[in-house]
Amino acid sequence: MTKTAEPAITIRSMNKFYGSFHALKNIDLTVQHGERIVICGPSGSGKSTLIRCINHLEAHQSGNITVLGKALDNNILHIDEIRRDVGMVFQHFNLFPHMTVLENCVLAPMLVRKWPRAKAEELAMQYLEKVKIPEQAEKFPGQLSGGQQQRVAIARSLSMQPKVLLFDEPTSALDPEMISEVLDVMVALAKDGMTMLCVTHEMGFARQVADRVIFMDQGEIIEQNPPEEFFGNPQNERTQKFLSQILGH
Amino acid sequence: MAMTGEMGRLGLLATLREKYFSSLGNAALSIICFSILALIVWKFFDWAILSAVFSAANGPEACKATDGACWAVIDARWRLILFGLYPHEEHWRSALACGVVVVMTVLSCLPYFWNGRSISVIWIGGFLAFYFLMKGGILGMPVVDEQSWGGLSLTVFIFVTTVLVGTPLSILLALLRRSELPWISALTGIVIDSVRSLPLLTILFAFAVVLPFLLPDWASGDKLYRAIFGSALFFAAYQAEIIRGGMQGVPTGQEEAAKSLGIRYRHRIQRILLPQAFKNALPATINQFVITFKETSLFIIIGFFEILASGNAAYGTGNWTFAFVEVYAFIAMIYFVFVFSLSRYGAFLERRMDVGDH
């Protein structure tokens, strides 16, 4: 097996508990480099928890997670090493409100990658252009609209030049008219070959870019298939019910 | 009464008429209130300026001949109030030391110097300059023991040192209190609550008087520093809770975002958590600083000649015993200048930090 053929993420028999509540049950998942995966499911199904386990924002209790060839354990050094290469975009953007847009983007590259400011700023501006917002670089997050903030959050993640990007319901907190500007950026990223795991209810996005759609319910992966198969011929009863609810109106 | 939002456009007369003279009853009430106010202002002006005696050249007798304020007591005793028992011919050192602290404070209030290196240089440099000016023993300046420090310089020294020692301590306590290890946070909670449940007076007594019995001689240090450490501990216990409150106002998403970027704990605290926590905690922090400044007067109890004690001495001796009102008014003015500047600066900081939040 060559190096590039090694999967980006491997999860084996992973379990996650909140106290006695079994949040994730026996998860097995392999993600190849460059693969685009959309995870959907009813609320409380564990989809956010699953991607938050990948960069250890949540700790798993049993099973193995390997990210970019590194095993994820409780060693903070290993965790930081993995987080450096795995970006995350949050539902509520979580931009740093006391810093300008540009400062938001260069902070981690300067602190973590130890890049000089000039290099970090040059790259950050490049990514701000990519999300079509370079003219807002000197503004504070509070002065931007929701859609603009989320695009800045994507640029902030990209400024670390991650190999994998995790999206945790990136459009759920947006006003309807701002959803498409964020989805456009995500589609462009997908076309560039970024490895992406997206928790989202945007089924149009899933059809357009996903290599695989995963359906979760009650902490389990119920079904995973390429989008044509997933939407055209859902196997499980629960998937059918979910799809009819979400697409039925 | 029609309160419109258009007062700015109305002339002064129209505004007056609408607000104070809109009916016969209102007009009568306004006239009575304005008259009383005018009378008070006039009486005060007459007492404080017109009939007052400013020069001590004619001694206390000149004061007794008038109804006005006897500022002559300040003229005669200002050195005692400002410098306490500090040796007379060395007063310039005490004054200069106060000036150093004022400059140091003003400099560190300027956003231009808000980076780790400048602030450290300003504070450590300023503090050392203050200390050696006061204490002497170098550059041919005679040694003046802490026991003889007094007046305004001592008050300023106690306040600045308390804050300087107490602030880092309070941040440490706040961070320990939110530790994920339960026994650390519980232990810190107990320390904070114990210190907070004691009166400052008790703590000052314990550190100044009781501690020397418990510690070996070499470890106990000067009484002044022990007392200041006690007051710093007291300050830190309160300030830690204020900062912790500020930290709780920072959404968990902030730390998660920083974690997801691979930023390490130390930098998450320094760059993400604390700046936002300080902002949230600012009004309460200014409050705490003001309280701490005024509480320096408690040092009088353990035998230090801070400004209030020097004031007592200023009118308590000789023939000036009748002029205590003027002395207290003068000291109140000094307190006012310090505390008012502090709160104006707090207001400036709040406006400045609001830049990004709309």
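Being a predicted model, the structure only gives us computed values, none of them experimental.

1. Describing the overall build of chain B
Reasoning step 1: When its secondary structure is counted, chain B shows 15 helices and 1 strand.
Reasoning step 2: Summarising its shape, the C-alpha atoms of chain B cover approximately 70 × 65 × 40 Å along the three principal directions.
Reasoning step 3: Going through the 358 residues of chain B one by one, you find that 41% of them count as buried.

2. A short note on a nonpolar patch on the surface
Reasoning step 1: Together, Leu201, Phe205, Val209, Val210, Phe213, Leu214, Leu215 and Ile301 of chain B give the surface a local cluster of nonpolar side chains, amounting to about 750 Å² of exposed area.
Reasoning step 2: Here Val210 of chain B lies in helix H9 (residues 200-214).

3. Focus: the interface of chain B and chain A
Reasoning step 1: Taken together, the contact pairs 20 residues of chain B with 25 residues of chain A.
Reasoning step 2: Approximately 2000 Å² of surface area, both sides summed, lies buried where chain B meets chain A, with 61% of it carried by carbon and sulfur atoms.
Reasoning step 3: On the surface where chain B and chain A come into contact, there are 1 salt bridge.
Reasoning step 4: A salt bridge links Glu256 of chain B to Arg52 of chain A, with the nearest nitrogen and oxygen atoms 2.7 Å apart.
Reasoning step 5: Inspection of the chain B/chain A interface yields 4 residue pairs in polar contact (both at pLDDT 80 or more).
Reasoning step 6: Of all elements in the fold, only helix H12 (252-260) and helix H13 (265-295) of chain B reach the threshold of two or more residues within the side of chain B that touches chain A.
Reasoning step 7: Per-element accounting of the side of chain B that touches chain A gives the leading share, 7 residues, to H12 of chain B.
Reasoning step 8: Taken together, the residues that form the side of chain B that touches chain A break down as 7 nonpolar, 8 polar and 5 charged.

4. Re the pattern of salt bridges
Residue and element names in this part refer to chain B.
Reasoning step 1: Using the criterion set out here, one finds 23 salt bridges over all chains in the structure.
Reasoning step 2: Its salt-bridge partner being Arg196, residue Glu241 comes within 4.0 Å of it at the nearest N-O pair. You can see Glu241 sitting in helix H11 (residues 223-248) and its partner Arg196 sitting in helix H8 (residues 182-196), a full 45 residues away along the chain.
Reasoning step 3: We classify Glu241 as buried; its relative accessible area is 17%.
Reasoning step 4: When its relative accessible area of 31% is taken as the criterion, Arg196 is described as partly exposed.
Reasoning step 5: Among the ionic contacts, a cluster of salt bridges with common partners joins Arg177, Asp193, Arg196, Glu241 and Arg244.

5. Notes on the domain arrangement of chain B
Reasoning step 1: Domain annotation of chain B identifies domain 1 (2-50) and domain 2 (87-295).
Reasoning step 2: Measuring from the centre of the C-alpha atoms in domain 1 of chain B to the corresponding centre in domain 2 of chain B gives 46 Å.

6. Concerning helix H14 (residues 307-316) of chain B
All names here are of chain B.
Reasoning step 1: Burial within H14 is extensive, with 7 of its 10 residues counted as buried.
Reasoning step 2: Those residues of H14 lying buried are Ile307, Ala309, Ser310, Gly311, Ala313, Ala314 and Tyr315.
Reasoning step 3: If you follow the buried residues of H14, they end up packed against helix H4 (72-83), helix H7 (151-177), strand S1 (305-306) and helix H15 (324-353).
Reasoning step 4: Phi for Gly318, located one or two positions after H14, is positive at around 70°.

7. Here we look at the nonpolar core
Side chains of nonpolar character tend, in soluble globular proteins, to be buried together.
Reasoning step 1: Of all hydrophobic cores here, the largest spans 80 residues; its most connected members are Trp149, Leu224, Met247 and Phe299 of chain B.
Reasoning step 2: For Met247 of chain B, the contacting residues outside a window of four places in its chain are Ala174, Leu175, Arg178, Leu273, Leu274 and Ala277 of chain B.
Reasoning step 3: Ranked by size, the runner-up nonpolar core spans 51 residues in total, among them Phe93, Met194, Val209 and Phe215 of chain A.

8. Some words on the side chain of Thr188 of chain B
Reasoning step 1: As for its placement among the helices and strands, Thr188 of chain B is situated in helix H8.
Reasoning step 2: For Thr188 of chain B, the contacting residues outside a window of four places in its chain are Leu173, Leu176 and Arg177 of chain B.

9. Concerning the confidence of the model for chain B
All names here are of chain B.
Reasoning step 1: Within chain B, residue pLDDT values average 84, and 96% of them lie at 70 or more.
Reasoning step 2: Averaged pLDDT values for the elements of chain B fall to 70 in helix H10 (residues 217-220) and rise to 95 in H12.
Reasoning step 3: In the model, residues 1-7 has pLDDT below 50 throughout and makes 9 contacts with residues more than four positions away in sequence or in other chains.
Reasoning step 4: Overall fold confidence (pTM) sits at 0.82, and the ipTM for the predicted complex is 0.92.

10. Some details on the packing of aromatic side chains
The way to describe two aromatic rings as a pair is by their centre distance and the angle between their planes.
Reasoning step 1: Evaluation of the coordinates by the stated rule reveals 23 aromatic pairs over all chains.
Reasoning step 2: Three or more aromatic residues link up through ring pairs in this structure, and these residues are Phe127, Phe130, Tyr131, Phe132, Trp149, Phe157 and Tyr225 of chain B.
Reasoning step 3: It is Lys16 of chain A that lies over the ring of Tyr18 of chain A; its NZ or CZ is 4.7 Å from the centre.
Reasoning step 4: A cation over an aromatic ring shows up here: Lys223 of chain B above the ring of Phe304 of chain B, its NZ or CZ 5.2 Å from the ring centre.

11. Describing the environment of Ala277 of chain B
Residue and element names in this part refer to chain B.
Reasoning step 1: Turning to its location among the elements, Ala277 is positioned in helix H13.
Reasoning step 2: Ala277 gets classed as buried once you look at its relative accessible area, which sits at 0%.
Reasoning step 3: Ala277 sits 33 residues away from Arg244 along the chain, and the two C-alpha atoms are 7.7 Å apart.

12. As for the environment of Ile9 of chain A
Residue and element names in this part refer to chain A.
Reasoning step 1: Its location among the elements puts Ile9 in strand S1 (residues 9-18).
Reasoning step 2: Exposure remark for Ile9: the relative accessible area of 0% places this residue in the buried category.
Reasoning step 3: A sequence separation of 23 residues divides Ile9 from Gln32, and the C-alpha atoms of the two residues are 6.9 Å apart.
Reasoning step 4: Among residues more than four places away in sequence, those in contact with Ile9 are Leu29, Thr30, Val31, Ile54, Thr66, Val67, Val164 and Leu197.

13. A look at the confidence of the model for chain A
Reasoning step 1: Averaged over all residues, the pLDDT of chain A equals 92, while 97% of them reach at least 70.
Reasoning step 2: Ranking the helices and strands of chain A by mean pLDDT puts strand S6 (residues 86-89) of chain A first, with 96, and helix H9 (residues 237-247) of chain A last, with 89.

Conventions used here
- Residues numbered from 1 in each chain as written.
- Chains lettered and ligands numbered in written order.
- Predicted model: local features only at pLDDT ≥ 70, side-chain atom pairs only at ≥ 80, totals over all residues.
- Heavy atoms only, no water.
- Helix = DSSP H or I, 4+ residues; strand = E, 2+ residues; numbered from the N terminus.
- Buried < 20%, exposed > 50% of the residue type's maximum accessible area, 1.4 Å probe, protein only.
- Patch = residues over 30% accessible without salt bridge, like charges linked within 9 Å, V, L, I, M, F, W, Y side chains within 5 Å.
- Areas by Shrake-Rupley, 256 points an atom, 1.4 Å probe, with all protein chains shown as cover.
- Salt bridge = Lys/Arg side-chain N within 4 Å of Asp/Glu carboxyl O.
- Contact = heavy atoms within 4.5 Å.
- Buried area = accessible area lost by both parts, 1.4 Å probe.
- Polar contact = N/O pair within 3.5 Å; in protein donor to acceptor, adjacent residues only side chain to side chain.
- Nonpolar A, V, L, I, M, F, W, Y, C, P; charged D, E, K, R; others polar.
- Domains from an automatic or database assignment.
- Core = buried A, V, L, I, M, F, W, Y, C linked by side-chain atoms within 4.5 Å.
- pLDDT = per-residue confidence, 0-100.
- Phe/Tyr/Trp six-rings, centres within 6.5 Å; stacked < 30°, edge-to-face > 60°.
- Lys NZ or Arg CZ within 6 Å of the ring centre and 35° of its normal.

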